[in-house]
Amino acid sequence: MKTGKQILSSFFDAFEVDYVFGNPGTTETTFLDVVSTHDRCKFILALHESVAVGLAAGYALKSRKTPIVNIHTYPGLANAMSNMFNAYAVNIPMMVIAGQQNREHLIHKPILSGELTELAKTATKLQYEIRNVSEMNVALQRCFLETTESKLPTFLSIPMEIYEDSCETGYFRKTKLLSATQNPDLTQLVDDITQNSGKKIVFVVDAETHWCSKLKDSLRDLSAHLNSDVFLAPFGSTYNSVDVNMPNFKGSLPAISSQTHDVLSNYDIVILLGEKIQSFLFHEKQSIPENIRIFQFSNGNTMVRFDCPFDYVVRGDIGENISLLSKLLGCAKVSPHSLEMGHIPNTLLANMMNIIPRDTTLVIEGGSHQNIEEELVHQLHFEEVYFKSRGGALGMAMPLAVGVSLVSHKHSVCLLGDGASMYSIQALWTAAHYNIPTIFICFVNHEYHILKQLWKLQVPESQEQNYSTIMDISNPNLDLHKIAEGFGARYAHATPNNYEQVLKSAFEFNGPTFITIRDDHKYSM
C-alpha cells in the first residue's frame, strides 16, 4: 500500500523535480511535508502567487525543464492567473498544483473552496481534480507530460486529505517523449517561392519558436538566400531563436495595429514562424494587410491558422521544417555575423546598457520605454533577451528574471518602470532570501506614462490635465528606496556621475540590487 504522500515523493523522484515554486496555505501543508523531507526537491517560497508563477516561468525558459508550482486553493489560483495567462500565451510549460478543501466538507462550501478547474480553464491546456488517491499517479503523470509536450500550463487540484489516504497502485515511469517527425511535402511552397523570386518576403518570428531546434542557423541561411528581412512579432518574448547580428534583422514589429500594418505593407509575402502577430491596440487598421500573402510554420499548439486567411500552413517542429525548406531551396550556409555597434545615444540608460556584458540575460517588462530598450538591445547585440509576454499582463518580468538567475547562477538584468514594479515587487524578497543574483533597473517618472500615451492616441482631443490627474502615481511618490530595502534588496540611484560604480557593485553582489534612474525620455547626459 502507498499513501498519497509516498506517491508524490515517487513522482518527484521519477521526473527529477528540482524545485517547487509556491505560496502555500493550509490545504497544502501535507504537500509541503513531502517537499521538506525530499532528498532532491527544494521549495522556493514566493510572497505572492503571481510571483511564484513568474519564477517558474524564468526557470522553465532558462533550464528547459518543466517546473512545478504550488498555490493555495481558489484565492491562490485567482492570484496566480495573470501570470499563468502570460505563460499560456507564450508557450511556457509548468504544472500548477493547488490544494482543495476536504471532499467531505465541500458540500458546505467551506472558506477558500471553489470550482478550481473551471477557474483554471482560461489559462491551462488541461485541468483535473483528483477524486481518490488511486488516481493520483495517473493524474500527476498526465498533467506533467501534457505541459512538457505542449509547452502550455496544466492544472491539478488535490483535496488535502488525499495525501493521507492509501491505495495499492501508485507507480511511475519516466516517459521518454520521442517526436516522430515526418517531413512535410513542401513542393508547392518551394515552387511558389521560386516562381515569385522578385517578390519581397519578410519573416516574422513569434514566441512559439523558443523551443524549436535548428531555427537560428536555418533562418540565417534562408533569409540571406531570399534577401528577406526578419522581425520579431510584437510581444515575441525572446531573441533566442534569431541571430540578432545578421544584417537583415530589423528588431520587433510595433505593437499598435496600424503601425504593424504600415510596416508589413512594404512586403508581398509574410512568413510567420509561430502562432500570432499579436497587436496590443487596434488603431484604424488591422495588423495584417488584406492584399499580402501569408505562410505559417507552427508547432500546432493552440493557434494554427488562427488570425487571418493563410495561403499555406505547415504544422510540425518549426526549426526542422525551416531547415528542410532551406535545403530544398538550395540555400548556402552563412556564417554568423559580427556587426559593429551602431550609434548609441548619449543617455543614461544607453550608457548603462553599454557596459553590461553581452551574455547577460535581459528581461524587459514593457511600457513606455520598450521601444527605446528594444532598439538598444538590437544595437548592442545582446544574446539572450526576454520581452514582455504576449499575454500582456504586467508583473511577469521581475520574478522571471529571478527564475532565470536561479538556474544560471549569474546576474540577469530586468528593465521596468516604477508603476510596473508594483505588480510583483515581492520577487525582491525571494531573490534576497535565496541569494539569487538579480539586477533591476527601474525608470522613475511617477506616472503610468504608457497609458497617457495610449489615451492621447485614442482620444486626441482630450486635455492633458484629464489623464494627468488620473494616471499620476505621485502625492505621495513611491518610496522605492525603502520598499526595496524592506524586501532585503540593495538599493542605488544611478546618475551620469555614478552609474559605472553602481553597476559594478551590483554585479559583485550575490543577491538582488534595485537601481532607480530618472525617466530616460527626459534625461540625456
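Above this text sits the structure in question.
Residues numbered from 1 in each chain as written. Predicted model: local features only at pLDDT ≥ 70, side-chain atom pairs only at ≥ 80, totals over all residues. Heavy atoms only, no water.

A.B. asks: Is there a simple way to think about the pattern of salt bridges in this case?
C.D. replies: Oppositely charged side chains can form a pair if their charged atoms are brought close together. Scanning all chains against the criterion turns up 16 salt bridges. Residues Lys125 and Glu146 are paired through a salt bridge, measuring 3.0 Å at the closest nitrogen-oxygen approach. Residue Lys125 is found in the loop between helix H5 (116-120) and strand E6 (126-129), and its partner Glu146 is found in helix H6 (residues 136-150); the two are separated by 21 residues along the sequence. Sharing partners across several salt bridges, the network here consists of Asp18, Arg40 and Lys65. (Salt bridge = Lys/Arg side-chain N within 4 Å of Asp/Glu carboxyl O. Helix = DSSP H or I, 4+ residues; strand = E, 2+ residues; numbered from the N terminus.)

A.B. asks: How should I be thinking about helix H12 (residues 370-380) in this particular structure?
C.D. replies: Because the α-helix completes a turn every 3.6 residues, residues three or four places apart line up on one side. Most of H12 sits inside the fold, with eight of its eleven residues counted as buried. Buried within H12 are the following residues: Gln370, Glu373, Glu374, Leu376, Val377, His378, Gln379 and Leu380. Where H12 is buried, its residues meet strand E11 (249-252), helix H11 (348-354), strand E15 (361-364), strand E16 (384-386), strand E17 (412-417) and strand E18 (438-444). Just past H12, the residue His381 takes up positive phi, approximately 60 degrees. (Buried < 20%, exposed > 50% of the residue type's maximum accessible area, 1.4 Å probe, protein only. Contact = heavy atoms within 4.5 Å.)

A.B. asks: How do you make sense of unusual backbone geometry when you look at a structure like this?
C.D. replies: For residues other than glycine, phi is negative in most cases, and the peptide bonds are mostly trans. In this structure, the amide linkage connecting Asn475 to the following residue, Pro476, adopts the cis form with an omega of 5 degrees. Take Pro476: it is sitting in the loop between helix H17 (464-471) and helix H18 (480-486). In the Ramachandran plot, Asn435 falls in the positive-phi region, its phi being about 55 degrees despite a non-glycine side chain. Residue position: Asn435 is located in the loop between helix H15 (427-433) and E18. The exposure class assigned to Asn435 is partly exposed, which follows from its relative accessible area of 46%. Positive phi is not limited to glycine here, since Asn475 has a value of about 55 degrees.

A.B. asks: Whenever I open this one, the packing of aromatic side chains confuses me. Can you help?
C.D. replies: Aromatic ring pairs are reported here in terms of the distance separating the ring centres and the angle at which the planes meet. Under the definition given, this model contains 13 aromatic pairs. Ring centres 6.5 Å apart and planes at 85 degrees place the aromatic pair Phe15 and Phe172 in the edge-to-face group. Remark: Phe172 occurs in the loop between strand E8 (166-167) and helix H7 (187-195) and Phe15 occurs in the loop between helix H1 (4-14) and strand E2 (19-23); sequence separation between them is 157 residues. Summarising the burial analysis for this pair, Phe15 and Phe172 share the class buried. One aromatic cluster is present, formed by Phe11, Phe12, Phe15, Phe31, Phe144, Tyr163 and Phe172 through successive ring pairs. Between Arg358 and the ring centre of Phe382, over which it is positioned, the NZ or CZ distance is 5.1 Å. (Phe/Tyr/Trp six-rings, centres within 6.5 Å; stacked < 30°, edge-to-face > 60°. Lys NZ or Arg CZ within 6 Å of the ring centre and 35° of its normal.)

A.B. asks: Whenever I open this one, the sheet that holds E2 confuses me. Can you help?
C.D. replies: Strand-to-strand pairing in sheets goes through backbone hydrogen bonds, with the strands running parallel or antiparallel. Read across the open sheet, the six strands follow the order E3-E2-E4-E5-E7-E6; overall the sheet is parallel. What marks the edges here is a single partner per strand, and that holds for strand E3 (42-45) and E6. Taken pair by pair, the neighbouring strands of this sheet meet at an average axis angle of 20 degrees, ignoring direction. Alignment of E2 against E3, held across four bridges, turns out to be parallel. If you follow Gly22 over to E3, its bridge partner there is Leu45. (Pairing = 2+ DSSP bridges. Axes fitted to C-alpha atoms, helices over the stretch in contact; angles between N-to-C directions.)

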